[in-house]
Amino acid sequence: VELVESGGGSVQTGGSLRLSCAASGSIYRIKVMGWYRQAPGKERELVAVIFDGGSSNYGDSLKGRVTISRDTSKNTVSLEMNSLKPEDTAVYYCNAVAGVRWDVYWGQGTQVTVSS
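Residues numbered from 1 in each chain as written. Predicted model: local features only at pLDDT ≥ 70, side-chain atom pairs only at ≥ 80, totals over all residues. Heavy atoms only, no water.

**Here we look at the overall build of the protein chain**
Put simply, the rule reads: The way it works is that DSSP assigns letters per residue, a run of H or I at least four long becomes a helix, a run of E at least two long becomes a strand, and they are numbered from the N terminus. Only C-alpha atoms enter the radius of gyration, while the globule expectation follows 2.2 Å times N to the 0.38, with N the number of residues. Only heavy atoms enter the contact rule, under which two residues are in contact if any of them lie within 4.5 Å. For every accessible area listed, the method is Shrake-Rupley and the probe measures 1.4 Å; residues are considered covered only by the protein chains on display.
Secondary structure assignment for the protein chain yields 0 helices and 11 strands. When the helices and strands of the protein chain are placed in sequence order, the string is β-β-β-β-β-β-β-β-β-β-β. Its C-alpha atoms give the protein chain a radius of gyration of 13 Å, near enough to 13 Å, the size a compact globule of 116 residues would have. By its C-alpha atoms, the protein chain is 45 × 25 × 20 Å across when sized along the principal axes. Summarising the internal contacts of the protein chain: among those between residues at least 6 apart in sequence, 53% fall at separations of at least 24. Looking at the protein chain as shown, the accessible area adds up to about 6,000 Å², and 48% of this sits on carbon and sulfur atoms.

Pasting the structure below:
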């Protein structure tokens, strides 16, 4: 499974961004797709995940300000982020879990910078 993110960039406080991730390869094996982020000097943390059946979980950091969606026909997962804050500045990584062994795959990451 290969994952390619797009949509990162710079935005001012209070702004919005939409991130997208396109999956290719053995996509029929994907069970879960989601987004994580990592700020400098911090551990990678969950932003949101969406399961095959459509249910989703959100991390605490962006809860209430983010919506994850998946288009299975296009093999994409998107993240709509609103009311962004400087502390949301991080590299955002697309994630997929696939196969009977629940193998984990990562995209290359996309930078999101929120300025005050």
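More follows now that the structure is in view.
**Quick notes on the pattern of salt bridges**
In plain terms, the rule: We define a salt bridge as a side-chain nitrogen of Lys or Arg found within 4 Å of a carboxyl oxygen belonging to Asp or Glu. Remark: exposure states derive from per-residue accessible area (1.4 Å probe, protein chains only) relative to the maximum for the residue type, with buried under 20%, exposed over 50%, and partly exposed in between.
Summed over the entire model, instances satisfying the criterion amount to 8 salt bridges. Its salt-bridge partner being Arg37, residue Asp88 comes within 2.9 Å of it at the nearest N-O pair. Pair noted here: Asp88 is in the loop between β8 (76-81) and β9 (90-98) and Arg37 is in strand β4 (residues 30-38), with a separation of 51 residues, a long-range link. Pair check on accessibility: Asp88 and Arg37 agree, each one buried. For Asp60, the salt bridge goes to Lys63, with nearest N and O atoms at 3.5 Å.

**Structural notes on the state of the cysteines**
A covalent bond bridging the sulfur atoms of two cysteines is what the word disulfide describes. Defined as follows: Count a disulfide wherever a pair of cysteine sulfur atoms falls within 2.5 Å.
Enumeration over the complete set of coordinates arrives at 1 disulfide. A disulfide bridge connects Cys21 with Cys94, and the sulfur atoms are separated by 2.1 Å. Every disulfide takes its handedness from the sign of the S-S torsion; for Cys21 and Cys94 that torsion is -85 degrees, giving left-handed. Residue Cys21 is found in strand β3 (residues 17-24), and its partner Cys94 is found in strand β9; the two are separated by 73 residues along the sequence. Per residue, the accessibility class of Cys21 equals that of Cys94, and both read buried.

**Observations concerning the sheet that holds strand β7 (residues 66-71)**
Keep this limit in mind: Pairing between two strands is assigned when DSSP locates at least 2 bridges connecting them. Lines fitted to C-alpha atoms define the axes here, with helix axes fitted over just the stretch in contact, and angles between the N-to-C directions of these axes take values from 0 to 180 degrees.
In spatial order, the strands read β1-β3-β8-β7; together these 4 strands make up an open sheet with antiparallel pairing. Pairing within the sheet leaves two strands with one partner each, and these edge strands are β1 (2-6) and β7. Within this sheet the neighbouring strands show an average axis-to-axis angle of 15 degrees, counted without direction. Across 6 bridges, the pairing between β3 and β8 is antiparallel. Residue pairing for β8: Leu17 is matched across the bridge by Met81.

**Points about the nonpolar core**
Nonpolar side chains tend toward joint burial in soluble globular proteins. Our working definition: In this description, a nonpolar core means a group of buried Ala, Val, Leu, Ile, Met, Phe, Trp, Tyr and Cys residues linked to one another through side-chain atoms lying within 4.5 Å.
Residues Met33, Trp35, Leu79, Met81 and Tyr92 are the most contacted members of the largest nonpolar core, which totals 28 residues. Looking at this core, the elements with two or more residues in it are β3, β4, β5 (45-51), β7, β8, β9 and β11 (110-115). A total of 5 residues in this core trace back to one element, the largest contributor, which is β9. Apart from residues lying up to four places away in sequence, Leu79 is in contact with Leu17, Arg18, Leu19, Trp35, Val47, Ala48, Val66, Thr67, Ile68 and Tyr92.

**As for the environment of Tyr105**
Relative to the helices and strands, Tyr105 is located in strand β10 (residues 103-106). Classification of Tyr105 by relative accessible area gives partly exposed; the value is 21%. Measuring from C-alpha to C-alpha, the distance between Tyr105 and Val77 comes to 14 Å, with 28 residues separating the pair along the chain. Setting aside residues up to four positions removed in sequence, Tyr105 forms contacts with Val1, Leu3, Arg29, Cys94, Asn95, Ala96 and Ala98.

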